[in-house]
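One letter stands for each residue in the lines below.
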Amino acid sequence: MTHDWKAIDEAVRVEPGKKSKLRARECVGADLLPDREVAEGALKDCAKAIDVLQDRLWAERSRALLVVLQGIDTSGKDGTVRGVFNQCGPLGVSVTAFGKPTEEELAHDYLWRVHAAVPKKGMIGVFNRSHYEDVLVAKVRGLAPKDAIEQRYDQINAFEKHLSENGVTVLKFMLHISKEEQRQRLQERLDKPEKNWKFNAGDLEDRKLWDEYQAAYETLLDRCSTEHAPWRVIPADKKWRRNAIIAAIVHGTLEEMNPRYPVVEWKPTDYVVE
Ligand code: ADP
């Protein structure tokens, strides 16, 4: 079974033009999806259905879906990709992780590398971090002048409008975890030898700037949740619930896009395969 995704979506969506009130938003979200078994069953169904719909999207070859994943370190961006798109073939889904810009990327405007990674028609593209880093880490760490960053919110809205007017549906998810949950996840990376490789001392530096990052998130949610590309703030302290919610919204969105297999102009019965 799948959930009433519209009700879930309404609960997590940041209404365009309204304050996001990030601090008041759920990191746990037990009311949204109380039952783990039901959620896990629905996640499996959604993941399979997403694959079928992607096949239709590819056959139609006229539109694309871009899924943007943002969240503080350990919020589960990689885990979401694994959990939600694991039924999709590698031909249909492209995943792009945006790290520190290279010298070449820094020699261009900040949207250059992002635009180049937007999925082509027929594809689902997933961004693990995105152009929003340019109003997050760039702001918190002062990597660009204040007034340049200030202009970026409108530039990002215009960029996403351009994409949506050119056949790219943009879904944006902020994976919202609590500070305590991050502490536990970082500690686990120290405690479990098989997770040691994930530990990065730099994450502790960013953790010290927790409030600054939350404030930067709140600002981008307030300013960049638009009719053409609204933000969703996903309760992400529980991994199974996070995945189930995102899968339900991706699935529901693809169903609404309703990609269709093209109708061929010949009759299959005209041919015989010897
Ligand atoms: P992750 O932490 O997502 O698993 P990395 O360890 O490669 O992956 O971290 C990516 C790093 O790149 C993050 O610290 C992030 O803040 C940084 N980064 C991403 N985009 C930008 C950007 N536009 N400007 C500066 N730093 C960025």
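Presented here is an overview of the structure given in this document. As the structure is a prediction and not an experimental result, all values here were calculated from the model.

So, the overall build of the chain
Scanning the chain from N- to C-terminus turns up 11 helices and five strands. On C-alpha atoms alone, the chain measures out to a radius of gyration of 20 Å, which is about the 19 Å that the 2.2 N^0.38 rule sets for 274 residues. With the C-alpha coordinates of the chain rotated into their principal frame, the extents come out at 70 × 45 × 40 Å. The buried share of the chain, reckoned over its 274 residues, is 47%. Sequence separation of at least 24 residues holds for 83% of the intrachain contacts in the chain that already meet a minimum separation of 6. Surface summary for the chain: the accessible area is close to 14,400 Å², and the carbon and sulfur share equals 52%. Side chains of the chain give 43 positive and 45 negative charges; the mean places of these two sets differ by 2 Å.

With respect to the site of the ligand
Residues in contact with the ligand, as listed here, are Asp73, Phe98, Gly99, Lys100, Pro101, Arg113, Arg129, Glu133, Asp134, Val137 and Leu143. At 3.3 Å, a backbone N or O of Gly99 approaches a nitrogen atom of the ligand. Interatomic distance of 3.1 Å between a backbone N/O atom of Lys100 and an oxygen atom of the ligand. Here the ligand, which alone exposes 570 Å², has 67% of that area covered by the protein. Classifying every residue of the shell around the ligand by side-chain character gives four nonpolar, one polar and six charged.

Focus on the side chain of Arg25
Within the secondary structure, Arg25 sits in the loop between helix H1 (5–12) and helix H2 (36–60). Notably, Arg25 is buried but unbridged: the nearest opposite-charge side chain belongs to Glu15, and the N-O separation is 7.6 Å. A distance of 2.7 Å separates a polar atom in the side chain of Arg25 from the backbone oxygen of Ser20. Setting aside its immediate chain neighbours within four residues, Arg25 contacts Ala11, Val12, Arg13, Val14, Ser20, His176 and Val233.

Focus: helix H11 (residues 239–257)
In a regular helix each residue adds 1.5 Å, so 19 residues correspond to 27 Å; H11 covers 27 Å between its end C-alpha atoms and thus fits that length. Burial of H11 is extensive: 16 of the 19 residues sit out of reach of the surface. One or two steps after H11, the chain reaches Asn258, where phi turns positive at roughly 50°.

So, a nonpolar patch on the surface
Together, Val264, Trp266 and Tyr271 make up an exposed nonpolar region whose accessible area comes to about 350 Å². Assignment of secondary structure puts Trp266 in the segment after H11. On the accessibility criterion, Trp266 (45% relative accessible area) is partly exposed.

Focus: the nonpolar core
The biggest cluster of nonpolar side chains holds 40 residues, and the ones touching the most others in it are Val67, Phe85, Ile124, Phe173, Val250 and Leu254. Mapped by element, the contributors of at least two residues to this core are H1, H2, strand E1 (64–71), helix H3 (77–84), strand E3 (124–128), strand E4 (168–176), helix H10 (210–224) and H11. With 10 residues, the top contributor of residues to this core is H11. Excluding residues within four positions of it along the chain, Val250 makes contact with Ile50, Leu65, Val67, Phe85, Leu171 and Phe173. Ranked by size, the runner-up nonpolar core spans 33 residues in total, among them Leu22, Tyr132, Val168 and Val233.

Conventions used here
Residues numbered from 1 in each chain as written. Predicted model: local features only at pLDDT ≥ 70, side-chain atom pairs only at ≥ 80, totals over all residues. Heavy atoms only, no water. Helix = DSSP H or I, 4+ residues; strand = E, 2+ residues; numbered from the N terminus. Rg over C-alpha atoms; globule rule 2.2 N^0.38 Å. Buried < 20%, exposed > 50% of the residue type's maximum accessible area, 1.4 Å probe, protein only. Contact = heavy atoms within 4.5 Å. Areas by Shrake-Rupley, 256 points an atom, 1.4 Å probe, with all protein chains shown as cover. Lys, Arg positive; Asp, Glu negative; His and termini not counted. Charge placed at Lys NZ, Arg CZ, Asp CG, Glu CD. Near = heavy atom within 4 Å. Polar contact = N/O pair within 3.5 Å; in protein donor to acceptor, adjacent residues only side chain to side chain. Nonpolar A, V, L, I, M, F, W, Y, C, P; charged D, E, K, R; others polar. Salt bridge = Lys/Arg side-chain N within 4 Å of Asp/Glu carboxyl O. Expected span 1.5 Å × (residues − 1). Patch = residues over 30% accessible without salt bridge, like charges linked within 9 Å, V, L, I, M, F, W, Y side chains within 5 Å. Core = buried A, V, L, I, M, F, W, Y, C linked by side-chain atoms within 4.5 Å.

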